Amino acid sequence: MPEPQEPERAIAATGMGGAMDLATSEATSLEKTPGGPEGGPSAPARSLWSDAWRELRRNPVFIISGLVILFLVVISLWPSLIASGNPLDCDLSNAQKGSAPGHPFGFNEQGCDVYTRVVYGTRVSVTVGVCATLGVAIIGSVLGGLAGFFGGAWDAVLSRITDIFFAIPVVLGGLVLLSVVTSSTVWPVIGFMVLLGWPQISRIARGSVITAKQNDYVQAARALGASNSRMLLRHITPNAIAPVIVVATIALGTYIALEATLSYLGVGLKPPTVSWGIDISAASQYIRNAPHMLLWPAGALAITVLAFIMLGDAVRDALDPKLR
């Protein structure tokens, strides 16, 4: 009778610097186990951005605010999709009248359709908010990132300049700077917001870059002879841009509200530009007799600002691992 043979043994690595004496079949099975020792397929590593997108897709606040913002962007690009009239067509015989067939929001003090003006006013608010945010984010990120990376005299000078701009009240600065502008376009208002808004993003970017450049992977890249531009673009920027994105997203809603405030005060956009701030300013003196003239543009402004702030909060929660 033949003697039973001992199964063939094999040495399998434990993945921690040691080894185990296993049967060949067991070692083969272990190597094929997902997440097991080398040679076996393991779960792909997820980046910060993929994790953030995974969290955002499951966040109802992001979904709701994203749908609202998408709707606002669409009607700002193609307002004729939901409003067939002309916001500048007015009939004084309809002045201050309430809701009527085909005119659900009523008429303003000049007999213009409030609904049409609210829809067309979206274009100005979204344009001002997006352009101002892009300008602030680009200028602030570049200046703050360079100051945080190189330090020294550049950092000291930029810090003092940002302190000066932080000392200027935004509304008072708008009253002074925009009062001498005669243009009725949105660009002077956007330029003013960029002028006073970049220091905030600059300070955020500076602190984020200072934190990122102290990480081991940046020090290793420096030791291997990587150039400053490579370290900035390849290693530091992708890991330092998240706070800038969060602050810029929240600030976008603030810039829309600031444009309405400046227009309300008479130093922002000027007629014949269609703006929620202009309509709110004109309707404020008729609030007792015709409250609909004020409530609809003010409601549209509040919803827009709230949507962008909610989006910024959702992005912040997704990009900050400590809040998960």
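Notes on the structure follow.

Criteria and thresholds
Residues numbered from 1 in each chain as written. Predicted model: local features only at pLDDT ≥ 70, side-chain atom pairs only at ≥ 80, totals over all residues. Heavy atoms only, no water. Buried < 20%, exposed > 50% of the residue type's maximum accessible area, 1.4 Å probe, protein only. Helix = DSSP H or I, 4+ residues; strand = E, 2+ residues; numbered from the N terminus. Contact = heavy atoms within 4.5 Å. Polar contact = N/O pair within 3.5 Å; in protein donor to acceptor, adjacent residues only side chain to side chain. Axes fitted to C-alpha atoms, helices over the stretch in contact; angles between N-to-C directions. Parallel < 35°, antiparallel > 145°, perpendicular 65-115°, else oblique. Nonpolar A, V, L, I, M, F, W, Y, C, P; charged D, E, K, R; others polar.

### Regarding helix H11 (residues 276-283)
- Where burial is concerned, most of H11 is hidden: six out of the eight residues are buried.
- For H11, the set of buried residues is Trp276, Gly277, Ile278, Asp279, Ile280 and Ala283.
- Buried-residue contacts for H11 involve helix H4 (114-150), helix H10 (242-264) and helix H12 (292-319).
- Two or three places before glycine 277, at the opening of H11, serine 275 has a side-chain oxygen 3.2 Å from that residue's backbone nitrogen.

### Description of unusual backbone geometry
- Residues proline 271 and proline 272 are joined by a peptide bond in cis, for which omega reads 10 degrees.
- Even without being glycine, glutamine 96 reaches a positive phi, approximately 65 degrees.
- Within the secondary structure layout, glutamine 96 lies in the loop between helix H3 (60-77) and H4.

### Things to note about the packing of H10 against H12
- Orientation of H10 relative to H12, taken along the N-to-C sense of each, is 170 degrees, at an axis distance of 8 Å. Judged on the interaxial angle alone, H12 and H10 are roughly antiparallel. Contact with H10, carried on its side by Ala242, Ile245, Val246, Thr249, Ile250, Leu252, Gly253, Ile256, Ala257 and Ala260, involves Leu301, Thr304, Val305, Phe308, Ile309, Leu311, Gly312, Asp313, Val315, Arg316 and Leu319 of H12 and no other residues of that element.
- Class assignment for the residues of the contact of H10 with H12 results in 15 nonpolar, four polar and two charged.

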